[in-house]
Number of protein chains: 2
Amino acid sequence: MPGHSPPPTNPVLVELRRGAVVESFHRGAVAVASPGGLIEAVGDCARPVYPRSALKPVQALPLVESGACAAFGLGSEELALAAASHSGAAHHTDRVAAWLIRLGLDQSALECGAHPPGDSEAARLLAASGRLPSPLHNNCSGKHTGFLTLARHLGIPTAGYIRRDHPVQALVEAVIAEMSGCDLGTAPCGIDGCGIPVFGLPLGGLAAAMARLADPARLPPARRMAAAAIVAAMAAHPELVAGPGRACTEMMARMPGIVLKGGAEGVYVAIVPSCGLGVAVKIDDGAGRAAEVAIAAALVRLGLVTAEAAAPFVRPPLLNVAGRTVGEMVAVEVLAAS
Amino acid sequence: MPGHSPPPTNPVLVELRRGAVVESFHRGAVAVASPGGLIEAVGDCARPVYPRSALKPVQALPLVESGACAAFGLGSEELALAAASHSGAAHHTDRVAAWLIRLGLDQSALECGAHPPGDSEAARLLAASGRLPSPLHNNCSGKHTGFLTLARHLGIPTAGYIRRDHPVQALVEAVIAEMSGCDLGTAPCGIDGCGIPVFGLPLGGLAAAMARLADPARLPPARRMAAAAIVAAMAAHPELVAGPGRACTEMMARMPGIVLKGGAEGVYVAIVPSCGLGVAVKIDDGAGRAAEVAIAAALVRLGLVTAEAAAPFVRPPLLNVAGRTVGEMVAVEVLAAS
């Protein structure tokens with residue numbers, strides 16, 4: 001199998017230091033792209049990687065460019081949720097539930113499965129209430145409600161909307177291919193945590209897709225407007241894209257004008273409209289903690305964010321259970337080799 | 001700083017496969033030792049690594065060899081808890097609370113800090129009760145109660161028992177040095193998640209310490225008996241050493257006669273009394289999920305466990321939120337290069 005070839009030896013991007021020892025370290029790759037394609041790379045940016053939830057801003061494009069978003073009167077909050085990996089707090093789940101009602105549906109239409117809220121306080125409240133997690137709490141419930149909206153707009157059955165052969169996923173797949181410049185017909189494919197198809201893309205293709213969201217000038221008009229609307233919605237509602245205390249939300253709050261999105265297994269992307277750049281990180285071992293540090297460091301090294309704004313993310317302290325600082329995570333080679 | 005030298009390029013030990021892509025992969029090292037020292041190595045087994053909680057069986061030795069264990073009438077359940085990273089369920093916390101009472105102490109003497117139970121059902125019940133996590137729920141509360149027992153037995157103040165300059169830690173440090181064959185005076189040092197000192201040891205030294213627990217014949221009599229008692233207690237109470245559903249507990253249940261212990265940041269050790277071997281794994285990136293797979297695979301490759309017994313651990317399926325199998329973790333090179 002092509003994907004099972006020997007893995008690359010990517011550079012160490014992030015170290016976890018405790019006392020005088022590098023306790024753990026994370027290798028990975030960083031791709032920087034303009035709408036024309038890859039312009040800077042650290043590590044192997046050609047190997048297929050699954051973008052996971054970092055692709056949500058792209059997966060939301062058909063919702064807008066099809067006219068479904070306008071037809072159902074959705075606003076920027078719903079768009080932000082469509083591109084979100086939210087924490088399952090009430091301000092997320094209430095909005096998704098209300099959106100489903102607009103579609104004439106309820107949570108039983110969601111095929112993403114249920115998991116407890118990522119937000120610890122929301123999880124505590126849910127447990128204390130004696131209720132079980134529902135699909136609304138799934139971090140992908142906004143994305144899935146976007147898919148349901150598209151199916152309703154197209155007037156087709158919603159059941160099975162997560163399958164690759166459903167018209168909703170066919171539309172999404174075509175948009176991913178166009179935005180990334182990749183042939184998905186030959187790309188390796190898998191199933192995501194929420195049940196939809198995932199496609200192995202070169203990290204450079206993922207960064208290029210983000211650059212085309214950042215600078216959509218050369219896209220067809222409907223997609224251009226859709227891209228601008230999604231990026232603006234994410235920038236306007238960082239708290240809906242993830243949740244309080246999460247790197248994605250906190251970084252957007254401290255880096256105005258830059259849209260960030262994480263994905264499972266160590267993926268992170270940045271969309272930088274001010275200069276039409278897209279940045280994508282994949283940590284080899286799948287560690288989200290390292291992807292957060294690496295994307296923040298990449299933005300600093302590219303001169304897109306001040307060291308001051310990025311400081312809490314580039315060198316986060318490591319606290320032990322009693323709250324004592326016992327180490328730190330440190331970005332060590334992100335774009336230094338370029 | 002010596003620990004901040006370039007990290008090794010260790011072999012890939014474990015892959016996470018999803019569809020046709022190796023989505024993430026974990027590099028690391030494996031050391032196999034007899035009481036005489038390292039006998040087999042994959043990757044860099046000389047670099048200092050923090051054993052973290054994998055060292056708990058060694059850290060429990062002074063509790064027994066000092067006579068403190070006998071003086072307070074402790075049994076194998078308390079000993080297992082002293083070497084445990086437990087899940088904070090009632091059958092753990094109740095026993096630790098009762099043990100503290102025997103010492104004339106309560107949970108306020110514990111300096112490990114509080115965190116929610118690792119066991120999701122215990123965490124749910126605690127949240128539902130409206131109570132906050134206490135130091136009893138800390139996975140290290142048994143180890144810390146062991147330290148308190150030693151301080152009481154020595155007739156010295158318990159306060160500050162986590163500090164390197166407290167007589168309890170001085171005793172523990174001396175035992176770690178003797179069991180691992182390492183000079184801790186020059187070893188890099190840090191602070192553990194629960195506040196006690198951690199020492200950077202070569203992985204080979206950690207494996208050797210485990211081999212000396214597995215075959216304590218050449219140790220002084222008091223330590224020999226202490227080692228045998230701790231290993232027997234862990235083997236007798238796998239459910240106290242971790243908790244239901246956790247790899248450590250489940251592997252011990254399926255691999256009778258082998259004692260296993262995980263540590264934070266991707267450390268795992270095995271103690272194999274039947275042949276006097278110790279095995280130690282450190283995953284470079286700190287991933288516990290990979291350490292579990294690698295230690296199980298190492299035991300199979302060494303002929304110490306049947307492939308059948310180890311099957312659920314060597315190749316665990318990856319399920320998505322809806323419960324569908326979407327991939328697997330696979331051990332790829334553990335001891336294959338030896």
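Look up a bit, the structure's there.
Residues numbered from 1 in each chain as written. Chains lettered and ligands numbered in written order. Predicted model: local features only at pLDDT ≥ 70, side-chain atom pairs only at ≥ 80, totals over all residues. Heavy atoms only, no water.

A.B. asks: Can you break down the overall build of chain A residue by residue, with the values?
C.D. replies: Summing up its helical and strand segments, chain A has 14 helices and twelve strands in all. Relative to the 2.2 N^0.38 estimate, which gives 20 Å for 338 residues, the radius of gyration of chain A is 19 Å and therefore close to what a compact globule would have. Across its three principal directions, the C-alpha atoms of chain A cover 60 × 50 × 40 Å. Here chain A holds 338 residues, and 61% of them are scored as buried. Of all intrachain contacts in chain A linking residues separated by at least 6 positions in sequence, the fraction that spans at least 24 positions is 65%. Within the structure as shown, chain A displays about 11500 Å² of accessible surface, and the carbon and sulfur contribution to it stands at 57%. If you average the places of the 26 positive and of the 27 negative side-chain charges in chain A, the two averages end up 1 Å apart. (Helix = DSSP H or I, 4+ residues; strand = E, 2+ residues; numbered from the N terminus. Rg over C-alpha atoms; globule rule 2.2 N^0.38 Å. Buried < 20%, exposed > 50% of the residue type's maximum accessible area, 1.4 Å probe, protein only. Contact = heavy atoms within 4.5 Å. Areas by Shrake-Rupley, 256 points an atom, 1.4 Å probe, with all protein chains shown as cover. Lys, Arg positive; Asp, Glu negative; His and termini not counted. Charge placed at Lys NZ, Arg CZ, Asp CG, Glu CD.)

A.B. asks: Just give me the short version of the nonpolar core, but keep the residues and values in it.
C.D. replies: Membership of the largest hydrophobic core comes to 111 residues, with the highest contact counts inside it found for B:Val58, B:Met255 and B:Leu260. Ignoring sequence-local partners within four residues, the contact set of B:Val58 consists of B:Val175, B:Ile176, B:Met179, B:Ala209, B:Met210 and B:Leu213. Counting residues in hydrophobic clusters, the runner-up holds 110 residues, among them A:Leu16, A:Ala208, A:Ala226 and A:Ala242. (Core = buried A, V, L, I, M, F, W, Y, C linked by side-chain atoms within 4.5 Å.)

A.B. asks: How would you sum up helix α13 (residues 288-301) of chain B? Please name residues and give values.
C.D. replies: Residue and element names in this part refer to chain B. With 14 residues, α13 should cover 20 Å at 1.5 Å per step; its first-to-last C-alpha distance of 20 Å lies within 8% of that length. Within the span of α13, buried status applies to Ala290, Ala291, Val293, Ala294, Ile295, Ala296, Ala297, Ala298 and Leu299. In the segment just after α13, glycine 303 is the residue with positive phi, at about 75°. (Expected span 1.5 Å × (residues − 1).)

A.B. asks: Please set out the side chain of A:Lys143 residue by residue, giving values where relevant.
C.D. replies: Residue and element names in this part refer to chain A. Structurally, lysine 143 is set in helix α7 (residues 141-154). Despite its burial, lysine 143 remains without a salt bridge, the nearest opposite charge being carried by aspartate 192 at 4.4 Å. In this structure, lysine 143 is in contact with Lys56, Gln59, Leu81, Ala82, Asp192, Cys194 and Ile196, ignoring residues within four places of it in sequence. (Salt bridge = Lys/Arg side-chain N within 4 Å of Asp/Glu carboxyl O.)

A.B. asks: Describe the packing of aromatic side chains, naming the residues involved and giving the relevant values.
C.D. replies: All names here are of chain A. On inspection of all chains with the given rule, the structure shows two aromatic pairs over all chains. Aromatic pair phenylalanine 147 and tyrosine 161: ring centres 6.3 Å apart, planes at 50°, arrangement tilted. Taken together, the residues phenylalanine 147 in helix α7 and tyrosine 161 in the loop between α7 and α8 (167-180) connect sequence positions 14 residues apart. You can call tyrosine 161 buried: its relative accessible area is 0%. (Phe/Tyr/Trp six-rings, centres within 6.5 Å; stacked < 30°, edge-to-face > 60°.)

A.B. asks: Give a description of the environment of B:Leu150 that names residues and reports values.
C.D. replies: Residues and elements named next belong to chain B. If you trace the backbone, leucine 150 turns up in helix α7 (residues 141-154). You can call leucine 150 buried: its relative accessible area is 2%. The sequence separation of leucine 150 and glycine 67 amounts to 83 residues, and the corresponding C-alpha distance is 8.7 Å. Discounting chain neighbours no more than four positions away, the residues touching leucine 150 are Pro62, Leu63, Ser66, Ala68, Val168 and Leu171.

A.B. asks: Tell me what's going on with the interface of chain B and chain A, and back it up with residues and numbers.
C.D. replies: Facing the 51 residues of chain B at the interface are 51 residues of chain A. Inspection of the region where chain B meets chain A yields four salt bridges. Linking B:Arg52 and A:Glu23 is a salt bridge whose minimum nitrogen-to-oxygen distance equals 3.0 Å. On the surface where chain B and chain A come into contact, there are 28 residue pairs in polar contact (both at pLDDT 80 or more). Counting residues per element, the ones that place at least two in the side of chain B that touches chain A are β1 (12-18), β2 (21-34), α6 (120-129) and β5 (189-191) of chain B. Classifying every residue of the side of chain B that touches chain A by side-chain character gives 23 nonpolar, 14 polar and 14 charged. (Polar contact = N/O pair within 3.5 Å; in protein donor to acceptor, adjacent residues only side chain to side chain. Nonpolar A, V, L, I, M, F, W, Y, C, P; charged D, E, K, R; others polar.)

A.B. asks: Any chance you could break down the pairing of strand β9 (residues 267-272) of chain B for me, citing the residues and the numbers?
C.D. replies: All names here are of chain B. Most of β9 is tucked away, with six of its six residues classed as buried. Residues Val267, Val269 and Ile271 line one face of β9 and the alternating positions Tyr268, Ala270 and Val272 line the opposite face, and both faces are buried. Bridge analysis of strand β8 (residues 259-263) against β9 gives five bridges, and the strand direction is antiparallel. Bridge pairing in β9 links valine 259 to isoleucine 271. A loop of three residues connects β8 with β9, the two strands running antiparallel in sequence, and glutamate 265 in this loop sits at a positive phi of about 60°. Pairing of β9 with strand β10 (residues 277-283) involves six bridges; the strand directions are antiparallel. Residue pairing in the sheet places tyrosine 268 in a bridge with valine 281 of β10. Linking two consecutive strands that pair antiparallel, namely β9 and β10, is a turn of four residues; a positive phi of about 65° is found at glycine 276 within it. (Pairing = 2+ DSSP bridges.)

A.B. asks: With reference to specific residues and values, describe the relation of the copies chain B and chain A.
C.D. replies: When chain B is fitted to chain A, the best match, at an RMSD of 0.0 Å, comes from turning it 180° and sliding it 0.0 Å along the axis. Each copy turns onto its partner about a two-fold axis. In terms of C-alpha distance to the rotation axis, chain B has B:Ala128 as its closest residue, with the C-alpha 1.9 Å off the axis. Mapped onto chain A, 100% of the interface residues of chain B again fall at the interface, so both copies present the same surface. (Least-squares fit on C-alpha atoms with pLDDT ≥ 70 in both.)

A.B. asks: Break down helix α5 (residues 90-102) of chain A for me, with residues and values.
C.D. replies: Residues and elements named next belong to chain A. A rise of 1.5 Å per residue sets the reference length of α5, with its 13 residues, at 18 Å; its end C-alpha atoms lie 18 Å apart and thus fit the reference within 8%. Within α5 the residues assigned to the buried category are His92, Thr93, Val96, Trp99 and Leu100. Here the buried residues of α5 occupy an arc of 125° about the axis, which is enough to place them on one side. Away from its buried face, by an angle of more than 90 degrees, α5 presents the exposed residues Asp94 and Ile101. On its buried face, α5 sits against α2 (61-65), α4 (76-82), α7 and α11 (238-241). One or two positions beyond α5, positive phi appears at glycine 104, with a value near 75°. (Arc of directions from axis to C-beta.)

A.B. asks: Quick one: what's the story with the pairing of β1(B), residue by residue and with numbers?
C.D. replies: All names here are of chain B. Of all the seven residues making up β1, seven are buried; the element is thus mostly covered by neighbouring parts of the structure. Of the strand pairs in this sheet, β1 and β2 are connected by six bridges, and their pairing is antiparallel. Residue arginine 17 lies in a different strand from β2, and its bridge partner there is valine 22. Taking the residues that link successive antiparallel strands as the turn, the β1-β2 hairpin has two residues, and the phi of glycine 19 there is positive, at about 55°. Bridging between β1 and strand β12 (residues 325-331) involves five bridges; their strand directions are antiparallel. Counted as the bridge partner of glutamate 15 is valine 330 from β12.

A.B. asks: Account for the environment of A:Ala226, with residues named and values stated.
C.D. replies: Residue and element names in this part refer to chain A. With respect to the helices, strands and loops of the structure, alanine 226 is situated in helix α10 (residues 221-236). Along the sequence, alanine 226 and proline 273 sit 47 residues apart, while their C-alpha atoms lie 14 Å from each other. Residues in contact with alanine 226, not counting those within four places in the same chain, are Leu61, Val64 and Glu65.

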